[in-house]
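Fold and contact review
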2 protein chains.
Amino acid sequence: MAEPMMIFAAQEYRDRVAKLQMGMAAQGLDALLLTTPADVFYVTGFLTRFWASPARPWFVIVPVADDPVAVIPSIGAALMGQTWLHDIRTWDAPDPRDDGISLLTGALADLVPAQGQIGVPMGLETHLRMPLADYDLLRAQLAPRQIVDATACIQRIREVKSEAEINKIRESCAIAGRAFARVPEFAAEGQPLSCVFRDFQIALLTEGADWVSYVAGGAGPDGYGDVISPAGPQPLRRGDILMLDTGAVKNGYFCDFDRNFAIGRASDTARRAHAALWQATEDTLALLRPGWRACDVHAALCANLQKYGATPSGGRLGHGLGITLTEWPSFTPLDETPLREGMVLTLEPGCVTGDGRIMVHEENIVLRKDGAEVLSPRASHELPEITA
Amino acid sequence: MAEPMMIFAAQEYRDRVAKLQMGMAAQGLDALLLTTPADVFYVTGFLTRFWASPARPWFVIVPVADDPVAVIPSIGAALMGQTWLHDIRTWDAPDPRDDGISLLTGALADLVPAQGQIGVPMGLETHLRMPLADYDLLRAQLAPRQIVDATACIQRIREVKSEAEINKIRESCAIAGRAFARVPEFAAEGQPLSCVFRDFQIALLTEGADWVSYVAGGAGPDGYGDVISPAGPQPLRRGDILMLDTGAVKNGYFCDFDRNFAIGRASDTARRAHAALWQATEDTLALLRPGWRACDVHAALCANLQKYGATPSGGRLGHGLGITLTEWPSFTPLDETPLREGMVLTLEPGCVTGDGRIMVHEENIVLRKDGAEVLSPRASHELPEITA
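Here is what the cut-offs are and how they apply
Numbering of residues starts from 1 in every chain and runs along the sequence as written. All chains are assigned letters beginning with A, and all ligands numbers beginning with 1, in the order in which they are written. Predicted model: local features are reported for residues with pLDDT of at least 70 only, side-chain atom pairs are reported and counted for 80 or more only, and whole-chain, interface and lining totals are derived from all residues. Side-chain calculation: all heavy atoms of the structure are included, whereas hydrogens and water are not. Secondary structure follows DSSP: runs of H or I at least 4 residues long count as helices, runs of E at least 2 residues long count as strands, and numbering of each begins at the N terminus. When a residue's accessible area, from a 1.4 Å probe over protein chains only, is under 20% of the maximum for its type it is buried; when over 50% it is exposed; and in between it is partly exposed. Two residues qualify as a contact provided that any one of their heavy atoms is within 4.5 Å of a heavy atom in the partner residue. Areas reported here follow the Shrake-Rupley algorithm with a probe of radius 1.4 Å; residue values treat only the protein chains shown as occluding. Strand pairing is assigned whenever DSSP identifies at least 2 bridges connecting the two strands. For every element, the axis is a line fit to its C-alpha atoms; helices are fit only across the contacting stretch, and the angle between N-to-C directions ranges from 0 to 180 degrees. UniProt positions are given in the numbering used here, feature names are shortened, and annotations may be inferred rather than shown by experiment. A 1.4 Å probe defines the accessible area here, and the buried area is the portion of it lost by two parts on being joined, summed over both. Should a side-chain nitrogen of Lys or Arg be within 4 Å of a carboxyl oxygen of Asp or Glu, the pair is scored as a salt bridge. Definition of a polar contact: a pair of N or O atoms within 3.5 Å, with one able to donate and the other able to accept a hydrogen when the atoms are protein atoms, and with sequence-neighbouring residues admitted only if both atoms are side-chain atoms. The length a helix should cover is 1.5 Å for every residue beyond the first. Here, the term nonpolar core denotes a set of buried Ala, Val, Leu, Ile, Met, Phe, Trp, Tyr and Cys residues that are joined through side-chain atoms within 4.5 Å. The atoms used to superpose the copies are C-alpha atoms, taken from residues with pLDDT of at least 70 in both, and the fit is least squares. Boundaries between domains were set according to an automatic or database domain assignment. In this classification, the charged set is Asp, Glu, Lys and Arg, the nonpolar set is Ala, Val, Leu, Ile, Met, Phe, Trp, Tyr, Cys and Pro, and all remaining amino acids, among them Gly, are polar. Should the near helix be turned anticlockwise from the far one by less than a right angle, the crossing is termed left-handed; should it be turned clockwise, right-handed.

As recorded in an unreviewed UniProt entry, chain A goes by Metallopeptidase, family M24 and comes from Yoonia vestfoldensis SKA53.

Quick word on the overall build of chain A
Each helix and strand in chain A was counted, giving 11 helices and 19 strands. For chain A, the spread of C-alpha atoms along the principal axes amounts to about 70 × 40 × 35 Å. Sorting the 388 residues of chain A into buried and exposed places 63% on the buried side. Counting contacts in chain A only where the partners sit at least 6 residues apart, residues at least 24 apart contribute 70% of the total. With an accessible surface of roughly 12,900 Å², chain A has 52% of that area assigned to carbon and sulfur atoms.

Observations concerning the sheet that holds strand β6 (residues 146–149) of chain A
All names here are of chain A. Spatially, 6 strands are ordered β4-β3-β2-β1-β5-β6 in an open sheet, and the strand pairing comes out mixed. Edge positions in the open sheet fall to β4 (87–91) and β6, since each of these has one partner strand only. Ignoring strand direction, the axes of neighbouring strands in this sheet form an average angle of 25°. Here strand β1 (residues 31–34) pairs with strand β2 (residues 59–63) via 4 bridges, running antiparallel. Bridge pairing links Leu-34 to Val-60 in β2.

Here we look at the UniProt feature "domain: Peptidase M24" (unreviewed entry) in chain A
In the numbering used here, UniProt assigns the "domain: Peptidase M24" (unreviewed entry) feature to residues 168–367 of chain A. The distance from the first to the last C-alpha atom of residues 168–367 of chain A is 15 Å, and the span holds 33% helix and 29% strand.

Looking at the interface of chain B and chain A
Listed as interface residues are 72 residues of chain B and, on the opposing side, 73 residues of chain A. The largest contributions to the chain B side of the interface with chain A come from Arg-49, Leu-132 and Ile-228 of chain B, which together make up 12% of the buried area. One salt bridge connects Arg-198 of chain B with Asp-210 of chain A, and the closest N-O pair in it is separated by 2.9 Å. At the junction of chain B with chain A, the criterion picks out 23 residue pairs in polar contact (both at pLDDT 80 or more). Among the secondary structure elements, those contributing two or more residues to the side of chain B that touches chain A are α3 (77–80), α5 (132–142), α9 (193–206) and β7 (211–221) of chain B. With 6 residues, the top contributor of residues to the side of chain B that touches chain A is β7 of chain B.

Quick word on α9 of chain B
Residue and element names in this part refer to chain B. Across its 14 residues, α9 extends 20 Å between first and last C-alpha, which sits within 8% of the 20 Å expected from 1.5 Å per residue. Leu-193, Val-196, Phe-197, Arg-198, Phe-200, Gln-201, Ile-202, Ala-203, Leu-204 and Leu-205 are the residues of α9 that are buried. Positive phi shows up at Gly-208, right after α9, with a value of about 125°.

Concerning the sheet that holds strand β1 (residues 31–34) of chain B
Residues and elements named next belong to chain B. The sheet built from 6 strands is open, its strands ordered β4-β3-β2-β1-β5-β6 with mixed pairing. A strand with exactly one partner marks an edge of an open sheet, and here the two such strands are β4 (87–91) and β6 (146–149). Neighbour to neighbour, the strand axes of the sheet diverge by 25° on average, direction disregarded. Strands in contact with helix α2 (residues 37–44) are β1 and β2 (59–63); relative to β2, the strand with the most contacts, it is inclined by about 50°.

Focus on the nonpolar core
In terms of nonpolar packing, the biggest core is built from 188 residues, with Leu-32, Val-183 and Leu-242 of chain A together with Leu-32, Val-183 and Leu-242 of chain B touching the most fellow members. Once residues within four sequence positions are removed from consideration, Leu-242 of chain B is found in contact with Val-183, Ala-187, Leu-193, Val-196, Gly-218, Ala-219, Leu-236, Arg-259, Asn-260, Phe-261 and Ile-263 of chain B. Phe-59 of chain A together with Val-69, Leu-104 and Leu-128 of chain B belong to the second-largest nonpolar core, a separate cluster that totals 46 residues.

What about the relation of the copies chain B and chain A?
Note on the copies: chain B fits chain A at an RMSD of 0.0 Å, the axial shift is 0.0 Å, and the rotation between them is 180°. Here the symmetry operator amounts to a two-fold rotation axis. No C-alpha of chain B lies nearer the rotation axis than that of Ile-202 of chain B, which sits 2.7 Å from it. When you check the interface residues of chain B against chain A, 100% turn up at the interface there too, and the contact is symmetric in its surfaces.

A look at the domain arrangement of chain A
Residues and elements named next belong to chain A. Each domain of chain A was delimited in the assignment, giving domain 1 (3–158) and domain 2 (163–386). On a C-alpha basis, the centres of domain 1 and domain 2 stand 33 Å from each other. Facing 13 residues of domain 1, the contacting portion of domain 2 comprises 15 residues. In this assembly, domain 1 packs against domain 2 so that about 1,400 Å² is buried in total across both faces, 60% of it on carbon and sulfur atoms. Inspection of the domain 1/domain 2 interface yields 3 salt bridges. Where Arg-16 meets Glu-165, a salt bridge forms, and the shortest distance between an N and an O atom there is 3.4 Å. Counting across the interface, domain 1 meets domain 2 through 7 residue pairs in polar contact (both at pLDDT 80 or more). Each residue belonging to the side of domain 1 that touches domain 2 can be placed in one class, and the counts come to 6 nonpolar, 1 polar and 6 charged.

Section: the pattern of salt bridges
Residue and element names in this part refer to chain A. Following the criterion strictly, the structure yields 56 salt bridges over all chains and no others. Between Arg-378 and Glu-282 there is a salt bridge whose closest N-O contact spans 2.8 Å. Remark: Glu-282 occurs in helix α10 (residues 268–287) and Arg-378 occurs in the loop between β18 (371–374) and β19 (385–386); sequence separation between them is 96 residues. Residue class for Arg-378 comes out partly exposed when judged on its relative accessible area of 26%. Since its relative accessible area comes to 29%, Glu-282 is described here as partly exposed. The partner of Arg-368 in a salt bridge is Glu-373, and the shortest N-O contact between them spans 2.8 Å.

Examining the UniProt feature "domain: Creatinase N-terminal" (unreviewed entry) in chain A
In this numbering, the UniProt entry assigns the feature "domain: Creatinase N-terminal" (unreviewed entry) to residues 16–160 of chain A. For residues 16–160 of chain A, helix accounts for 37% and strand for 19%, while the C-alpha atoms at its two ends are 10 Å apart.

Quick look at the side chain of Asn-364 of chain A
Within the secondary structure, Asn-364 of chain A is located in strand β17 (residues 363–368). Here the side chain of Asn-364 of chain A touches Asp-256 of chain A through a polar contact of 2.6 Å, landing on its backbone oxygen.

Some details on the environment of Ala-38 of chain A
Residue and element names in this part refer to chain A. With respect to the helices and strands, Ala-38 occurs in helix α2 (residues 37–44). Expressed as a C-alpha distance, the spacing of Ala-38 and Gly-252, which sit 214 residues apart in the sequence, is 9.1 Å. Look past the residues within four positions of Ala-38 in its chain and what remains in contact with it is Arg-158, Ile-323 and Thr-324.

Structural notes on the packing of helix α4 (residues 101–111) of chain A against helix α5 (residues 132–142) of chain A
Residues and elements named next belong to chain A. Where α4 contacts α5, the two axes come as close as 10 Å, and the packing angle between them is 35°. Considering the relative orientation of α4 and α5, their crossing is right-handed. Across from Ile-101, Leu-104, Thr-105, Leu-108 and Ala-109 in α4, the residues of α5 making contact are Asp-134, Leu-137, Leu-138, Gln-141 and Leu-142. Of the residues in the contact of α4 with α5, the class split is 7 nonpolar, 2 polar and 1 charged.

Structure follows, in structure tokens:
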């Protein structure tokens, strides 16, 4: 049963930890404490859907000058034992008296001097996946050690993907591309949206997804009102624009892109909107380079949409992508994160097509030294029509 | 597009909030602050897979004597607008300067007097889904208001399901039951475990699941080494016991049960273990009543396993179930939570079948006044053999 964990060779994880440790040393951190599925997977390769159970906390400590230590519920010992980690400490969770906190305190106290600092991600787009009362207890027990924010330390490393990671994301994108190509097989006038969502998930699995963490979308005349809803029983109608958006997972890596389909012949409004979204993406892709800031992408997409006669929608127009459905940075007017070679990103312009209606369009890219390489099979310039 | 949110009539949510408010009043809480998908769904009916994106925090405030207030990213305004909530406040997230914290502080400061208390779940099986730095800021801005632990307040209400909720869980169980019945169609000697997992997810969707939040399992001679792993490419072999475990979701409600299959003829060891697991479950089901504590179920399952010659495995032997894959309480020796009428629970005995190998068996039940009603289609007493 060793195969599930062999997504990457151990050296991939060692390289990641070495980079984290350089950042930690620069910030004066003696250890990182990680608690989320993504951070734990990033450092160890520990991949399980068991995170869906909120019952137990899981901890990985990255010391500044040694290999990571896992402090985890015993139910995960066998699976963590298949990773490259050699120091795995377990307790029988959930334990209402002490759910791993003594074990974690002991491990951190051994690794971090009394005057030392422990980094925990505390900033935008992070959360701490452990009970708050236990965190307060941990902090008190570890004093005078300080727990400080390590968001930047993690994010500056995770946001630049290795070629091995890029290949995994490309594979997820290819799976979704094949599933999108099959949408005309099951989306037709009269078909309930809930059935379309179900068949789309089946197509994603059939085409090779390990699992489907995200499907959303919408359907309506010339556009849709929102892009995060589950599907209801309402049937597709002639004149609807159907949008499907997915985060399918292969080997722990996500894609995140969407596609639009006209049910019957597309109206001029919808065709023009789709063309503007496609061309604004194309023009932005041609210009994008390392050194741009996240807000520059937002500005470029808005300017290009306007150039093609479209009114940009609100909200962010793309983001990072990798081991969660969305990662930082965000393409908003406020995010000044510099874009760097190796970042995997989504470009997701949206435009207003009517009262309370929008259309969106999304592609996944990796930023290379000389510009964007598109990882998702590029959408067709013409809005596809399902006229069967 | 109103249908997706109409999982229950508004009265169901009003009843829940009224019960929460009684508990809050008893504890002296002026408001609850909720941040997780399950707590937000429970109070509002807001259901979306968009939680897969860690980019944005979402907040719902339950005042002690008024309707809930949603403080959410504007991307969720349309969907939240379909729920019974009428006070929905939004900001453009993610905002690196102020990601909803001013808006949330203002809302809480208006609802809670300066000497008041705000409850947040902080205990076992909880976490706070917002950035820690923002939580510290919120707490400082709200002072002298106190933020205190509200775990019990939430859990004592959520753990007892309404008939409407029980019907939803029964529906999820029925879907999984039909999918399990189809396992012999796609699990056979030589088939890679990863394909079996994929086909099982397809079967769950085909049988009516909205999505599949959890599939795990294992396969090995006379049992498996762990129960939380993703599947690898290794093929099923004659003599393997295949176990599949799923949390399929319908209308936001989970099932959580597993089934075992022998690939080829089952060995005596595997047949005896399955019979002991089945009979220990049967005997415990016959005795279980409201008033038992969670630890009593653990003791009964262990005693019954031993009565039938099996060695109980470690870890918890069942848990609560509902709007997450697992809920409290936990059937461990340490959990003294009283079991009450209306609780939906899983019974999940496990036994050791060899060196590093176990078999597990799981059913979902609702606890009635006079005993357990089984919600999952009861496993067959005989271990099924796939001999095609």
